[in-house]
Amino acid sequence: MDQFNEMIDRTGTGSIKWDRCKAKFETTKDLIPLWIADTDFRAPEAVIQAIHNRANHGVFGYTFAMEDYRNTVSRWFQRRHGLNIPPEWITATQSVVTALRFAIEALTKPEEKVLILTPAYEPFFAIVKNTGRILVEQELKRNGDFCSIDFDQMEEAFRQGVKMMIFCNPHNPVGRVWNREELERVSKLCAKYGVYLASDEVHGDITLFGTHYTSMVGIEAAKNLTMSFTSAGKPFSLTGLCSANLIIPDGTLRDRIVDKIHDAWIMSPNLFGLVATKAAYEHGESWLDAELRYLEENSKYVQQFLAENLSKISLTKHEGTYMMWLDFHEFDFSTEELERRIVDVCGLGLGFGRHYGEKFGQYMRLNIGCARPLLQRAMRALCKITD
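Description of the structure in this document. Because the structure is predicted, anything quoted here is derived from the model rather than measured.

## Notes on the nonpolar core
Inference 1: If you look at the biggest cluster of nonpolar residues, it comprises 77 residues, and the most contacted ones within it are Val302, Leu306 and Leu382.
Inference 2: Among the elements that make up this core, the one with the highest residue count is helix α13 (residues 285–309) (10 residues).
Inference 3: Contact partners of Val302, with chain neighbours within four places excluded, come to Leu315, Met324, Leu366, Ile368, Leu375 and Met379.
Inference 4: Ranked by size, the runner-up nonpolar core spans 60 residues in total, among them Ala120, Val186, Ile219 and Ile257.

Below is the structure:
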């Protein structure tokens, strides 16, 4: 665990999380940045060595994902998740969000409806609106600390003409890991109404406390309508290498999306992203297991600290991702006052809830993908919230 407990100085490295924090929160104050979804962990040594080896070659020309790359991704999903993904289903690309945007353009028309489940990852709102589609928001049901899907509401939205759904599996920001029964119900509704199902699964490898990730492409009901967007970036601390994979079973659907991406002259991922992904999937499994154990301990620490010191802050049940969803409703602050106190009084840079939907101004997203000493400092600082 010592490797994850190391406090690595990321300032001055062009880190969005650390070097843009003051600008992000419009302050001159030094903040503890626990907002953007990347970790402060050093990547697996096998990945670092693979990058060194490729760098030593010295020629960095145009690159594509060769067959051995796609075979490696396929083997990872088989070994790690028991999912049979033929290599031909896999297309390497640069960014999940970019690929999602082009999937919207490839499969829907302007003024057609695209549904998201809120609270939702902020770019989902933007890519729907920026492509001229009509955004349909469906709020997750909350029962105590547990979030779930209102399937009757979803079916009604589909009946009213939704053409595509952006799903998040596991869910960011609430941290739900959807079970197979829930995924099958979503898939069956998509099949019934002919709704394209775009599943963002970048956090798929980050499941905690005995939960299990099932990819949407492993659900049969709407397989001809389904696409999964994955990456080794989140689980292996590689987000800056801009590498992702589209997994699309249906060949016609795959061609439509890939052609749209290529029309914008977006081709293969970063060379080192390909190298790092391949090395992570081939040699990083024990590192990932250790990271997940560390994240579980971080999560348990936050839960215990809040229960003992800040019981007015409630948590959504944390099942996956390294993001935790904190509810500040009991403080009776306005959204503006809550955000001001978090930044100016506590000295924290957290994910403001309103970025995940207009109704969520009383929530904050907390990134626990950091060394525990930093997380401990952040929790102690949060105690100043009522000062």
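## Overview of the packing of helix α5 (residues 67–81) against helix α12 (residues 271–283)
Inference 1: It is at 9 Å that the axes of α5 and α12 come closest, and there the two elements cross at 35°. For the element pair α5 and α12, the recorded crossing hand is left-handed. Seen from α5, the contacting residues are Asp68, Tyr69, Thr72, Val73, Arg75, Trp76 and Arg79; seen from α12, they are Leu274, Thr277, Lys278, Ala280, Tyr281 and Glu282.
Inference 2: Grouping the constituent residues of the contact of α5 with α12 by class yields 6 nonpolar, 2 polar and 5 charged.

## What about unusual backbone geometry?
Trans peptide bonds make up most of the peptide bonds, and negative phi angles are found at most residues other than glycine.
Inference 1: Note the cis peptide between Thr118 and Pro119, where omega equals 5°.
Inference 2: Inspection of the secondary structure assignment puts Pro119 in the loop between β3 (113–118) and α7 (122–130).
Inference 3: Here Asn172 and Pro173 are connected by a cis peptide whose omega angle stands at 20°.
Inference 4: Relative to the elements of secondary structure, Pro173 occurs in the loop between β7 (162–168) and α9 (180–193).
Inference 5: A positive phi angle, close to 75°, is found at Glu111, a residue other than glycine.
Inference 6: Mapped onto the fold, Glu111 is located in the loop between α6 (96–107) and β3.
Inference 7: Look at Phe209: it is not a glycine, yet its phi comes out positive at around 55°.
Inference 8: In this structure, Phe209 sits in the loop between β8 (196–200) and β9 (226–230).

Conventions we followed
- Residues numbered from 1 in each chain as written.
- Predicted model: local features only at pLDDT ≥ 70, side-chain atom pairs only at ≥ 80, totals over all residues.
- Heavy atoms only, no water.
- Core = buried A, V, L, I, M, F, W, Y, C linked by side-chain atoms within 4.5 Å.
- Buried < 20%, exposed > 50% of the residue type's maximum accessible area, 1.4 Å probe, protein only.
- Helix = DSSP H or I, 4+ residues; strand = E, 2+ residues; numbered from the N terminus.
- Contact = heavy atoms within 4.5 Å.
- Axes fitted to C-alpha atoms, helices over the stretch in contact; angles between N-to-C directions.
- Left-handed = near helix turned anticlockwise from the far one by under 90°.
- Nonpolar A, V, L, I, M, F, W, Y, C, P; charged D, E, K, R; others polar.

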